[in-house]
Amino acid sequence: MKKIVAFVLGILFLPSLVFSQTSVEINDSFYNQAQGWELRGLTGTLPQLRPYPVNVIKRILNDVIENGSEKDSEVAKAEYERIFEKPWSPYFKATGGAKLSNNKFDSESESKVNKDFHTEVGIGGDLVLHELASVGYKFGIYAQKNDFSEHSPLYTIMEEDSIFDPVDAGPLTAYLNWNMNLAVGNESVYGTGGMNRLGFGVFHGDGLALSDAGYHSANITFNATTEKWSYASAYETIGVTRNMGKEATDGNNWLESGKYLAFHALKWHAFDKFNLTYYENIIFGPYNNLSYISPAPYYAVQNIGGANDNLQMGLLFEIKPVKGLNWATDFFADDIELNEVLKFNFDTKLRFGFQTGLIYAPQDSVCSKVSFNYTAVMPYVYAHWQYDDANSGGFTGKTWNRQNYTNSGINIGSSLDPNSDKISLNATFKPARNLSVNLFGNFIRHANGAEDFSDDEAAEYMLAQPGTYATNGTLYMSQMFSRPDEDNGGHVDSAWEKLGFMTSDHKMYVAQFGANAEYTFARTKYGRFSLCAGYTFEYIRNNGVNNHIYRGGLPYYSKTEADGNVYYAENETSYGTKKYSLEDFKKTGYVQNAVKEARENWAKQLYDSVNNYVSLSMKYSY
């Protein structure tokens, strides 16, 4: 009976509904189809950055209509009609769903149902101003009953750009959900400016550098695509959070300005069967640095000002043995200890992301595209600390962080935490003209690097004031200790000198399987109507690995003696008979017992979860 109910309720968790503002909506279904058409040779090389301006979208669709099979041409004509039938289109969408959870602890289990409803109303479109100028826009009001994290699978990022400055609307919380950009240029060379999400790379939805799932930004981009070479660049203004993110302020005063990201990529595609892309991105602030707009290597540019910005580099290899098939490998280098690597010591500071997989787009098949890939994010990738000022090595959890790889607290790259890996399978089917079905599966592992801290390191975390450090294994976990009285912070040796990938005793395992279906009815004079249904199954073993292990705040007494040294004791009473240097105090039974208790309590709170997510959605656009 449960299987029948699940089947009737649908086959997905929250599908992507069609919009007509394709040139600003990065998650539009068009981009998934365009990748398949490029792999099959029906259109030329696609621009490196998504989304595309109107004239590029028209070129792609016209290429497919002209070069594709009868089925390809039919799909492209339907897409052309959907995207360009009107320069403006009011829309309304609503989604109702539920998360059915069963959490199993050591001696008991807990079941609960979390219902959800969210809706959006707005207007959007793609408007041609001139043969060399176009605008894409979406102005909407998004309202939700519950926070997205309360009813979504782990490591999923919401599609709406709505996280700040809400208004209460009865039982719902309402946000503005606006994006807009202006494109100037032709199909090969163009620039854009506006506010929208940006995506880069062949792995749509979860790339290592610029993920389509990331939060929107105010940005200026440039794209040039020739027969053998392509160049793309972006300059973004992004949101600042604190060293410990939103958690540091209990949800209040958690966003700040003065953080920027620059990105550029050079792609060589002189051969049909092989492409090579070199890319760089750099995060900096609080001051703007227009030198990063230049096409010069960021590695050289940042040295002009002292090399204090957060630089990453990447290589993307693509091998296309036959039409329709792409084997892609992306290597994202964050911080590499080259001296040790050259000595063939790989148990050292290797902070990189790695992604490899196959993307296949068969011809005239009910299956339009299949992708299978493996992603690994090493410990402390994306995680960068921020000192309180340039003259001190001190920081706290509340220090504004203009170095880590987030935009307004949302991952810019992969949605995975550091020290994680994932195997993903995704398949898109179109069994009928108006019906699309997506099947997917993920297997994820994650380990909390704080579990690998030495006893002395753990002791320093325990003695720190609460809220100074994150020890939850996320990108907010620093590789440094705060040293307010010194020029620089102190290295956490287990983080700075060891790789530490998946070496912890307790690992979190996540299995996710699901599907989505969307049926779009034929357009009438009253508009276009779509229905969607969805289901996702999720099993989490050792849920809670990504919680803090060492919260800090262990009571102690300290005093500076006449010799200038600071000595420590459990309390003021015991100080007269038992006083220690800091290093000796860390080794005392008092501190080590507290460390042991914190580790044991963290391990005891781990539990297993079985979650079922169901949703039903509708969308109307005129």
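This is a predicted model, so every value here is computed, not measured.

Engineer: For this particular structure, what's the right way to read unusual backbone geometry?
Structural biologist: A negative phi angle is the norm for most residues apart from glycine, just as the trans form is the norm for most peptide bonds. The amide bond that connects R50 to the next residue, P51, takes the cis arrangement and shows omega of 5°. Along the chain, P51 falls in the loop between β1 (49–50) and α3 (54–67). In this chain, G285 is followed by P286 through a cis amide linkage whose omega measures 5°. Relative to the elements of secondary structure, P286 occurs in the loop between β12 (274–284) and α5 (298–303). With a phi angle near 60°, Y155 is a residue other than glycine that sits in the positive phi range. Note on placement: Y155 falls in the loop between β4 (133–144) and β5 (167–169). Residue Y155 is classed as buried on the basis of its relative accessible area, which comes to 16%. Located in the positive-phi region is Y380, a residue other than glycine, with phi close to 70°. Its location among the elements puts Y380 in the loop between β16 (367–377) and β17 (400–401).

Engineer: Hey, could you run me through the pairing of strand β26 (residues 557–560) in this one?
Structural biologist: Remark: a regular strand shows side chains that alternate across the two faces of the sheet. Alignment of β26 against strand β27 (residues 566–569), held across 4 bridges, turns out to be antiparallel. In the sheet register, K559 faces β27, and the bridge partner there is Y567. The turn joining β26 and β27, which pair antiparallel and follow one another in sequence, is formed by 5 residues; a positive phi near 90° is taken by G564.

Engineer: When you look at the side chain of Q512 in this model, what are you seeing that I'm missing?
Structural biologist: Take Q512: it is sitting in strand β24 (residues 507–520). A relative accessible area of 5% places Q512 in the buried class. A polar side-chain atom of Q512 sits 2.8 Å from a polar atom in the side chain of E538.

Engineer: Honestly, the packing of aromatic side chains in this entry has me stumped. Any pointers?
Structural biologist: In this description, a pair of aromatic rings is defined by centroid distance and the angle of the planes. Counted under the stated rule, the structure contains 42 aromatic pairs. Members of the aromatic cluster, each reached through a chain of ring pairs, are W385, Y387, F395, F453, Y461, Y469, F481, W496 and Y550. The ring of W88 carries the charged tip of K86 above its face, separated from the ring centre by 5.3 Å. Sitting over the face of the ring of W254, K246 holds its NZ or CZ atom 4.7 Å from the ring centroid.

Engineer: Where do I start with the pattern of salt bridges in this structure?
Structural biologist: Two side chains bearing opposite charge may form a pair once their charged atoms approach each other closely. Considering all chains together, one arrives at 22 salt bridges under this definition. Residues D206 and K422 are paired through a salt bridge, measuring 2.6 Å at the closest nitrogen-oxygen approach. Of this pair, D206 sits in the loop between β8 (199–200) and β9 (217–225) while K422 sits in strand β20 (residues 420–432), and the two are 216 residues apart along the sequence. The burial state of D206 is the same as that of K422; both residues are buried. Connected through salt bridges with shared partners, the residues E460, R483, E583 and K586 form a single ionic network.

Engineer: Looking at this model, I keep getting lost on the packing of α3 against helix α4 (residues 70–84). Mind explaining?
Structural biologist: The description of two packed helices rests on the angle between their axes and on the distance between the axes. The interhelical angle for the contact between α3 and α4, taken along N-to-C directions, is 155°, at an axis separation of 8 Å. Put simply, α3 runs roughly antiparallel to α4. By crossing handedness, the relation of α3 to α4 is classed as left-handed. Residues V54, I57, K58, L61, N62, V64 and I65 of α3 pack against D72, S73, A76, K77, E79, Y80, I83 and F84 of α4. Here the contact of α3 with α4 is composed, by residue class, of 9 nonpolar, 2 polar and 4 charged.

Rules used in this analysis
Residues numbered from 1 in each chain as written. Predicted model: local features only at pLDDT ≥ 70, side-chain atom pairs only at ≥ 80, totals over all residues. Heavy atoms only, no water. Helix = DSSP H or I, 4+ residues; strand = E, 2+ residues; numbered from the N terminus. Buried < 20%, exposed > 50% of the residue type's maximum accessible area, 1.4 Å probe, protein only. Pairing = 2+ DSSP bridges. Polar contact = N/O pair within 3.5 Å; in protein donor to acceptor, adjacent residues only side chain to side chain. Phe/Tyr/Trp six-rings, centres within 6.5 Å; stacked < 30°, edge-to-face > 60°. Lys NZ or Arg CZ within 6 Å of the ring centre and 35° of its normal. Salt bridge = Lys/Arg side-chain N within 4 Å of Asp/Glu carboxyl O. Axes fitted to C-alpha atoms, helices over the stretch in contact; angles between N-to-C directions. Parallel < 35°, antiparallel > 145°, perpendicular 65-115°, else oblique. Left-handed = near helix turned anticlockwise from the far one by under 90°. Contact = heavy atoms within 4.5 Å. Nonpolar A, V, L, I, M, F, W, Y, C, P; charged D, E, K, R; others polar.

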